[in-house]
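Understanding the architecture of this molecule
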Amino acid sequence: MRAERADRAGRAGRAARAGQRPGFQLFRDDWGIPHVRAGGARELAYGQGYVTALDRAWQLHVEQRRVLGTSAAFLGADAADWDGLARRTRLADTARRCYERLYADTAAWVAAYAEGVSDALADGAHERAPEFARTGSEPAPWEPWTPLGVWLSTHLLFAGFPAKLWRGELTRRLGPDAVPLFATDGPGTAGSNGWLVTGDRTASGAALLAGDPHRFVEDPGVYQQIHLAAPGCDVVGLAVPGVPGLAHFGHTGQVAWAITNAMADYQDLYRERLRRTGGAVEAYGPGGWEEVAAHTETYQVAGGEPVTVEVVETARGTVVVGGPDAGPLPGEEGETEAANALALRHHPRVSGRLGFETLPALLTARTVAEVSAAVDPWVEPVNVLLAADTEGGLLHRAAGYVPRRPAANRLGPVPAWEADHAWQDEPEPLPEAPAASWAEPGLAVMANERGLAGPLGTEFAPPYRADRIRALLTARTGWRAADMAAVHTDTHLASARPLLALVRRLDPAGRGESARHLRERLLAWDRHMAAESVDAARYAAFRAEVVRLLAAHPALAGLTGPAGPARADGYPPVFRPWLFATARIAYALESLLTGGPVAEDERPALVAAALEAAAEDDTEQPWGALHRLAPWQAVASGEEWPSVGGDHDCVLSTSSLPGITHLFARGPAARYVWDLARRDDSLWAVPFGASGVPGDPHARDQLPLWREGGLVPVVTDFARLRPVPLPTPSDRSPAR
């Protein structure tokens, strides 16, 4: 029944595209941020899609092609591994399936957004983006289900299921006792800061909600500032380009919400035994050998040969590693019943549900109770949510779907042929923290630590960011929106304490003069990773030497040697960031220096050797000279990117790879402060600007502010905005 309603909605939307474009108005503020006003919910969704394509045509094109597994056809070999994964996981088919399960109103709303994207491309939006000409690529119309595909593509690796490959390798190479030593968010993980200060601690007497999502910084940005208004709906927030509504961060005037990654574990990997029997592929499940779905697909690679992949789906999920013709998985060589494939199981593929009913419901929410009800059907990613309303309501809860299954499923790949590893019918209960239970009265913090969502996950961020935010916020009262920039940009590095404690215990006698001088400087350092700090740079250089020496230590050679997990032939290259042992060692530095395979009596000598090595370079340069932004671009621009302070465990979480590079690609993908006293006193910023068009005045205008922690004002009064005429409808583009 739902499928029929969704199909009717899609047909109605396509018919509407043959006539006049649904009516909406576009306005912009001084920062080029789009403000869309329309006469109804579907017209508003259409307008959001249209203006997003005006500003982000190239970005939307790349995202659409990533969903389809056809991006390598114009991006080249660097995109080929992703295209293979998209096809093997059946991303596009899953998006179609989830679209067909939507309620009719939601399906029509999503379809209207896709229509807006297609019509803007047809009206020449893509002609503003030089990347199309540079890559010889042409836009194509969006299907009604494409926004769901963009969401799936963006978040497929968000939960970090490849970390289970890492834990499996860790267990095999160092034993199960090593797993807890590395149980911290690693280089492939996305996190965020978020905090809520109630009226008792603010100057206005109303709540403030602030934070910054940490993701891989991409150009154009992964978040879009936008204002959406229609009868019964007036909301400002950060949208994901290619997806309607404001899933993560929004303010309706009466209620505001924000999320962080819950670090929950909700995707499983199953070890599969596959074989060919005649023309069929079979998998060995709990009931014995069973035929499974299998077919091949071929995709093009610009500048290279076409790639053919076999798409196999068992009763557990889609095969992402190995296949019926592959040898045993790494570590299973010589076993009598060796597995030769891994299958991914995740809820949208299993159920055909993604939770998009949440998105239009959030736009009309007026209270925290309505926000909570809106997120009840949400599926993934699993988030921790904070919300506050103008009536004093507060909300702190988890949202999403976490399957109930044995604990072993969370740790690593489990055997497909054992029925005990099946998912149960009912999911895990989602925790909620009433305001009366908050550890600090009038204050809630979420920073990916093991807290509210602890029962749902395995690896969490260390508590340093959360503890520092609490300390800063409890140090005073009378907070105003503009004051929050000081919290966003705090550079104190509490995680330096364990390593510096080892430095303090070193006997300076017997050290060279340079090493003694460096030891004194490190111990006197204020532990702030400020961009202008030379001592911060010296600490980073010393830490890098510690990481390199640990990586070379015989006790860890099984992870970092020529046959280390990142180089294992049995794993596709797309998973290698999770298997990169040196980066894992860098993020687990504290644990490895206080326990683990390196003997306690060896650690002082290792630290001393690192100190001597770091002291050989006496270059006096600030941290910012080394620590520069390195954003991902589908087509590199050759720009020089700015220096920024911070570090992985700072509130200003700009995550480099110690021991590998001081450059960072992961950091604040946006900043926001939602003011519940008066929405237009709210503030926000993104790394680059509102426009994704190179050379546009608003393509880089927020970059200097973002670098320094500055924020731009939120404007929602249409009388203060500039109306923008829209292009005349045209049939001249292949996107029509």
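Here the structure is shown first, and the text comes after it.
Residues numbered from 1 in each chain as written. Predicted model: local features only at pLDDT ≥ 70, side-chain atom pairs only at ≥ 80, totals over all residues. Heavy atoms only, no water.

**Details of the overall build of the protein chain**
Keep this limit in mind: Helix and strand definitions follow DSSP, with helices as H or I runs of at least four residues and strands as E runs of at least two, each counted in order from the N terminus. The reference for a compact globule is 2.2 Å times residues^0.38; the radius of gyration itself is calculated from the C-alpha atoms. Relative accessibility thresholds used throughout: buried, under 20% of the residue-type maximum; exposed, over 50%; partly exposed, between the two (1.4 Å probe, protein chains only). What makes two residues a contact is simply this: any of their non-hydrogen atoms within 4.5 Å. Note on areas: these come from Shrake-Rupley sampling with a 1.4 Å probe, and a residue is covered only by the protein chains present in the view. None of His or the chain ends enter the tally, which takes Lys and Arg as positive and Asp and Glu as negative. Every charge is mapped to an atom, namely NZ of Lys, CZ of Arg, CG of Asp or CD of Glu.
Scanning the protein chain from terminus to terminus reveals 25 helices and 25 strands. What you see for the protein chain is a C-alpha radius of gyration of 26 Å, in line with the 27 Å of a compact globule of 736 residues. By its C-alpha atoms, the protein chain is 85 × 75 × 55 Å across when sized along the principal axes. Split into buried and exposed, the 736 residues of the protein chain put 62% on the buried side. The long-range share in the protein chain, meaning contacts at least 24 apart out of those at least 6 apart in sequence, stands at 71%. Here the protein chain displays about 26300 Å² of accessible surface, and carbon together with sulfur accounts for 50% of that area. Positive and negative side-chain charges in the protein chain, numbering 72 and 90 respectively, have mean positions lying 2 Å apart.

**With respect to the layout of surface pockets**
Stated formally: Cavity and pocket criteria rest on a 1 Å grid covering protein atoms alone: a 1.4 Å probe that fits but cannot get out defines a cavity, protein on both sides within 12 Å along at least 5 of 7 lines defines an open pocket, and an atom within 4 Å of a point defines a lining residue. Grid points are joined across faces, edges and corners, and a volume is the space filled by probe spheres set on the points. Classification convention: Asp, Glu, Lys, Arg as charged; Ala, Val, Leu, Ile, Met, Phe, Trp, Tyr, Cys, Pro as nonpolar; all other residues, Gly among them, as polar.
When its volume is computed, the largest pocket comes out at roughly 1400 Å³. Looking at the largest pocket, it is lined by 41 residues, and the ones nearest its centre are Arg66, Leu157, Phe216, Glu218 and Trp632. Sorting the residues of the lining of the largest pocket by element identifies α2 (41–68), α8 (146–155), β4 (208–216), α20 (576–579), β20 (655–657) and β21 (661–668) as the ones contributing at least two each. Within the lining of the largest pocket, the residues separate by chemical class into 24 nonpolar, 10 polar and 7 charged.

**Some remarks on unusual backbone geometry**
Of the consecutive residues Asp219 and Pro220, the connecting peptide bond is found in the cis state with omega at 0°. Structurally, Pro220 is set in the loop between β4 and β5 (224–230). Cis geometry marks the peptide bond from Glu380 to Pro381, where omega comes out at 5°. One can find Pro381 in the loop between α12 (368–375) and β16 (383–389). Despite not being glycine, Met263 has its phi angle at roughly 60°, a positive value. Mapped onto the fold, Met263 is located in the loop between β8 (255–261) and β9 (268–272). Residue classification places Met263 among the buried positions, given a relative accessible area of 9%.

**Brief notes about the packing of aromatic side chains**
Note the threshold: Paired rings are identified among Phe, Tyr and Trp, the last through its six-membered ring, by centres lying within 6.5 Å, and are further divided according to the angle between planes into stacked (under 30 degrees), edge-to-face (over 60) and tilted (the rest). A ring is considered to have a charge above it if a Lys NZ or an Arg CZ atom is located within 6 Å of its centre and within 35 degrees of its normal.
Overall, the coordinates contain 17 aromatic pairs when judged by the stated rule. Here the aromatic rings of Trp641 and Phe688 are separated by 5.5 Å at their centres, their planes lie at 65°, and the arrangement is edge-to-face. Within this pair, whereas Trp641 is found in the loop between α24 (623–626) and β20, its partner Phe688 is found in the loop between β23 (683–685) and α25 (703–708), the two being separated by 47 residues in sequence. On the accessibility criterion, Phe688 (2% relative accessible area) is buried. Through pairs of rings, three or more aromatic residues link up here, namely Tyr223, Phe249, Tyr672, Trp674 and Trp684. Seen from the ring of Trp289, Arg275 lies directly overhead, with NZ or CZ sitting 3.9 Å from the centre.

**Some remarks on the pairing of strand β15 (residues 341–345)**
Short version of the rule: Any two strands between which DSSP finds at least two bridges are classified as paired.
For β15, the tally of buried residues reaches 5 of 5 residues, placing the bulk of the element in the interior. Of the two faces of β15, the one lined by Ala341, Ala343 and Arg345 and the one lined by Leu342 and Leu344 are each fully buried. The pairing of β9 with β15 spans 5 bridges and is classified as antiparallel. Along β15, the bridge assignment pairs Arg271 with Leu342. Relative to β15, strand β14 (residues 318–322) runs antiparallel, the two sharing 4 bridges.

**Observations regarding the nonpolar core**
What counts is decided by this rule: Among the buried residues, those of types Ala, Val, Leu, Ile, Met, Phe, Trp, Tyr and Cys that are joined through side-chain atoms within 4.5 Å form a nonpolar core.
Ranked by size, the top nonpolar core spans 178 residues in total, and within it Phe356, Tyr539, Phe542 and Leu550 carry the most contacts. Ranked by the residues each element gives to this core, the list is headed by α2, at 12 residues.

**What to know about the pattern of salt bridges**
Put simply, the rule is: When a carboxyl oxygen of Asp or Glu lies within 4 Å of a side-chain nitrogen of Lys or Arg, that pair is called a salt bridge.
The final tally for this structure, using the stated rule, is 43 salt bridges. Between Asp219 and Arg700 there is a salt bridge, and its shortest N-O distance comes to 2.7 Å. Here Asp219 is found in the loop between β4 and β5, whereas its partner Arg700 is found in the loop between β23 and α25, with 481 residues between them in sequence. Its relative accessible area of 13% is what places Asp219 among the buried residues.

**Things to note about α8**
The buried fraction of α8 amounts to 9 of the 10 residues, a majority that puts the element mostly inside the structure. By the burial criterion, the buried members of α8 are Thr146, Pro147, Leu148, Gly149, Val150, Trp151, Leu152, Ser153 and His155. Taken together, the buried residues of α8 touch α2, α4 (80–88), α5 (91–100), α6 (104–122), β4 and α10 (347–351).

**Observations concerning the packing of helix α17 (residues 513–524) against helix α23 (residues 603–615)**
The cut-off we apply is this: Whenever a helix is involved, its axis is fitted only over the stretch in contact; in every case the axis is a line through C-alpha atoms, and angles between N-to-C directions fall within 0 to 180 degrees. By the definition adopted for this analysis, an angle is roughly parallel if under 35 degrees, roughly antiparallel if over 145, roughly perpendicular if from 65 to 115, and oblique otherwise.
At a closest axis distance of 8 Å, the pairing of α17 and α23 adopts a crossing angle of 100°. Between α17 and α23, the angle falls in the class roughly perpendicular. Residue-level inspection shows Ser514, Ala515, Leu518, Arg519 and Leu522 of α17 in contact with α23, the latter providing Leu611, Glu612, Ala614 and Ala615. Residue composition of the contact of α17 with α23, grouped by class: 6 nonpolar, 1 polar and 2 charged.

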